[in-house]
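# Structural description and commentary
Listed below are the residues making up each chain.
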Amino acid sequence: MRKALNLENKNRVLKDVFGHNSFRELQEDGIDAILQNRDLLMILPTGGGKSLVYQLPTLIKDGISIVISPLIALMQDQVASLKAQGISADMISSAQTQEDIDNIVYSAKMGQLKFLYLSPERLNTQWTLNLLSELKINFFVVDEAHCISQWGHEFRDDYRALGRLKSNFPNSNICAFTATSTNHVTEDIIRELRLENPLLLKGKIFRKNLYISSQRRITNGQAQLKNFLKRHENESGIIYVSSRKKAEELSLNLNIAGYKSLAYHAGLPQHIRENNFKIFVNDKVNIMVATIAFGMGIDKSDIRFVVHMSLPKTQENYYQEIGRAGRDGEDSEVLLLFNSSDMIMQKQFLKDIPDQNYANHLDAKIDSIYKYATSEICFHKQLAEYFEDTLDECGSRCDNCSNSDDLRQDITKEAQMVLSTIYKTNQNFGKNYIIDILRGSTEQKLLSNGADKLSVYNIGSALSKKEWFVVIERLTEMKILNLGEFSSLKLTNDAIAILKSQKKVDIKSSRLLVKGQEKKVKRTQEFDYDEELFEKLRTKRSEIASKMGIPAYLIFGDKTLKHLASDKPFDKASMLEVNGVGEKKFEQFGEEFLNVINS
Ligand code: ADP
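Criteria and cut-off values
- Residues numbered from 1 in each chain as written.
- Predicted model: local features only at pLDDT ≥ 70, side-chain atom pairs only at ≥ 80, totals over all residues.
- Heavy atoms only, no water.
- UniProt positions renumbered as here; feature names shortened; annotations may be inferred.
- Core = buried A, V, L, I, M, F, W, Y, C linked by side-chain atoms within 4.5 Å.
- Buried < 20%, exposed > 50% of the residue type's maximum accessible area, 1.4 Å probe, protein only.
- Domains from an automatic or database assignment.
- Contact = heavy atoms within 4.5 Å.
- Helix = DSSP H or I, 4+ residues; strand = E, 2+ residues; numbered from the N terminus.
- Polar contact = N/O pair within 3.5 Å; in protein donor to acceptor, adjacent residues only side chain to side chain.
- Near = heavy atom within 4 Å.
- Areas by Shrake-Rupley, 256 points an atom, 1.4 Å probe, with all protein chains shown as cover.
- Nonpolar A, V, L, I, M, F, W, Y, C, P; charged D, E, K, R; others polar.
- Salt bridge = Lys/Arg side-chain N within 4 Å of Asp/Glu carboxyl O.
- Pairing = 2+ DSSP bridges.
- Right-handed = clockwise from strand over helix to strand, strands pointing away.
- Axes fitted to C-alpha atoms, helices over the stretch in contact; angles between N-to-C directions.

Per an unreviewed UniProt entry, the recorded name for the protein chain is DNA helicase RecQ, and the organism is Candidatus Sulfurimonas baltica. On record in UniProt, under Sequence similarities (unreviewed entry), the comment for the protein chain is "Belongs to the helicase family. RecQ subfamily." UniProt, in its Catalytic activity (unreviewed entry) section for the protein chain, records the words "Couples ATP hydrolysis with the unwinding of duplex DNA by translocating in the 3'-5' direction."

Structure, rendered in structure tokens:
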């Protein structure tokens, strides 16, 4: 009986409050675990719909849910989003006055609040523990739970203290959420939070709505960037750069060229950062050029593109950062521009890390992201495998899968040059030495070894050192070469076949020399809708958003507007059938949008 009641409740709340017609994968399992007072660890990609998993049971239960979140911006966004849905939520952080805090405490104690957001450092003060002991707590939510693990990529010291939650509140269950967790990090979260027999739910890493590509950067990459931006006129996007100076410079250059962008980095005064953030979220400026300081707090759901102007530090960082695109499930595009010099730069920072084990761990992560960037294997598949998930194919949702043969370049001749040089030097040397021989270097070490007497000496001077690196990377990826002791290059059976001209090797030409060629590939997977009406609905949404002083996407996401422009509902009942429209939202905005559609 109780179960049936919950089921009916769940579906009603899903539609009435959140406006969704059905649950997404794993959401219902998570909700059920929470309703059964069970600990939960949910690993679901950005945009997967984690918030609903703790928000919906909270609305079914009587008490208040306590949400621990690492960033004020993140909390603000969640609180604003709940309030827009007519749900009482608030946060306590250092950003508020004492009077604000007193009011929030009062409504929490009076049972008027459904959600209280807290930062981890707040949670562990005696003041907060006293407050919490007076509340009827449903359960605790630990958002961005990977921050508790030193082996993750965003370790936060104050997250460690969350280990005390279990002993301080033994009767409340804990639900932990993250988008990025390897098995190692998962074990850390369960251990550090002392989760008891938790339900572990792990979603697929694959995000079908993201089209991924990667290109070797030519000079500063700005020509490639502008080429990319042509496809995203007036759309919201983030461009990640590696330094504060680059953020300022690139933003300025883009603005001179007629784009609308702002810079965001940790060196800007707090009020400017906050202001820039607000301008971007409210769609007054569509491009944010940022360092990784523009991070976890970005919940804007209609970001259509993310560009990296250089290699990110790790695949976790990269996955999180591209995860900011397309949270609303709409088609979005991400581009990675990289160069081997990025990797060298990143590795230089490792010298300052005293813990050698940790430095080695980071070193391996840099190698791994570089390998990802240069690889010809499906990008989605590589990401899935990195996070210990599997994926057969992405269905042409990345450049490695959708580029056809006409963009390939035969490199059999170059491969034979490399392989015979390795053979003639007894497979004893690493890539630098082999390339030096091919390019006829006059380095003393080479000459004293008699390398200049070899028939292969200087046969490869037509290619630059960088191009030879690319050829060797490709041969290694194809397992034509293996790495031996001290990074010496070793031939495999396939290498012999190539040397005997029994086998050919090719490479994506954009990997070898980026020629700025752009092939027409299908990057979207849209349904048909009335584009003119969509634009009108967008305008209406902006009007309401500026009147209410909230971000436009909190009213309706782009996807909902497209469905409205496709289904063209004419009254309340038909509008409520559209995914994304619930009772609460209809009450607030329904009529205004119906007027636009009906006119
Ligand atoms: P996450 O926290 O996992 O990154 P969110 O909770 O922000 O994801 O949800 C991402 C988007 O998906 C939001 O726009 C949300 O409204 C939408 N969403 C969540 N659950 C559903 C559902 N069951 N049906 C349709 N849309 C959903």
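Read on for the rest.
### Side note on the nonpolar core
Membership of the largest hydrophobic core comes to 66 residues, with the highest contact counts inside it found for Ile212, Phe294, Tyr318, Leu537 and Phe593. For this core, the two domains that each supply at least three residues are domain 2 (210–386) and domain 4 (531–598). In contact with Leu537, not counting residues within four places along its chain, are Leu561, Leu564, Ala565, Phe593, Val596 and Ile597. Counting 34 residues, the second-largest nonpolar core is a separate cluster that includes Val105, Leu131, Val142 and Ala145.

### Topic: the domain arrangement of the protein chain
Domain boundaries in the protein chain define domain 1 (2–202), domain 2 (210–386), domain 3 (408–512) and domain 4 (531–598). With centres defined by C-alpha atoms, the gap from domain 3 to domain 4 works out at 60 Å.

### Regarding the side chain of Asn173
Tracing the chain through its elements places Asn173 in strand β6 (residues 173–178). Only 3.1 Å separates the side chain of Asn173 from the backbone oxygen of Arg38, close enough to count as a polar contact. Setting aside chain neighbours within four positions, we find Asn173 in contact with Ile34, Asn37, Arg38, Asp39, Asn138, Phe139, Phe140 and Lys166.

### So, the site of the ligand
Around the ligand sit 14 residues, and of these Ser22, Gly47, Lys50, Ser51 and Arg327 come closest. Contact distances for the ligand include 3.4 Å between a nitrogen atom and a side-chain N or O atom of His20. In the model, a nitrogen atom of the ligand is placed 2.8 Å from a nitrogen or oxygen of the Ser22 main chain. For the ligand, the protein covers 80% of the area, taking 570 Å² as the surface of the free molecule. For the shell around the ligand, a count of residues per class yields two nonpolar, nine polar and three charged.

### Considering the pattern of salt bridges
The full count for this structure, using the stated rule, is 37 salt bridges. Where Glu192 meets Arg160, a salt bridge forms, and the shortest distance between an N and an O atom there is 3.7 Å. Residue Glu192 is found in helix α10 (residues 183–192), and its partner Arg160 is found in helix α8 (residues 157–160); the two are separated by 32 residues along the sequence. Linking Lys381 and Glu385 is a salt bridge whose minimum nitrogen-to-oxygen distance equals 3.9 Å.

### Thoughts on the pairing of strand β3 (residues 89–92)
Judged by which residues are buried, β3 turns out to be covered on both faces: Ala89 and Met91 on one side and Asp90 and Ile92 on the other are all buried. As paired strands, β3 and strand β4 (residues 115–118) are joined by four bridges and run parallel to one another. Counted as the bridge partner of Met91 is Tyr117 from β4. At this point the chain moves from β3, through helix α5 (residues 98–109), to the parallel β4, and the crossover so formed is right-handed.

### What to know about the sheet that holds β4
The strand order β3-β4-β2-β5-β6-β1-β7 describes an open sheet built from seven strands, whose pairing is parallel. This sheet does not close on itself; its edge strands, each paired only once, are β3 and β7 (199–202). For this sheet the average axis-to-axis angle between neighbouring strands, irrespective of direction, equals 20 degrees. Relative to β6, strand β5 (residues 137–142) runs parallel, the two being bridged by four bridges. By the bridge assignment for β6, Val141 is matched with Cys175. Together, β1 (40–43), β2 (64–68), β4, β5 and β6 form the strand contacts of helix α3 (residues 50–60), whose direction differs from that of β4 by roughly 135 degrees.

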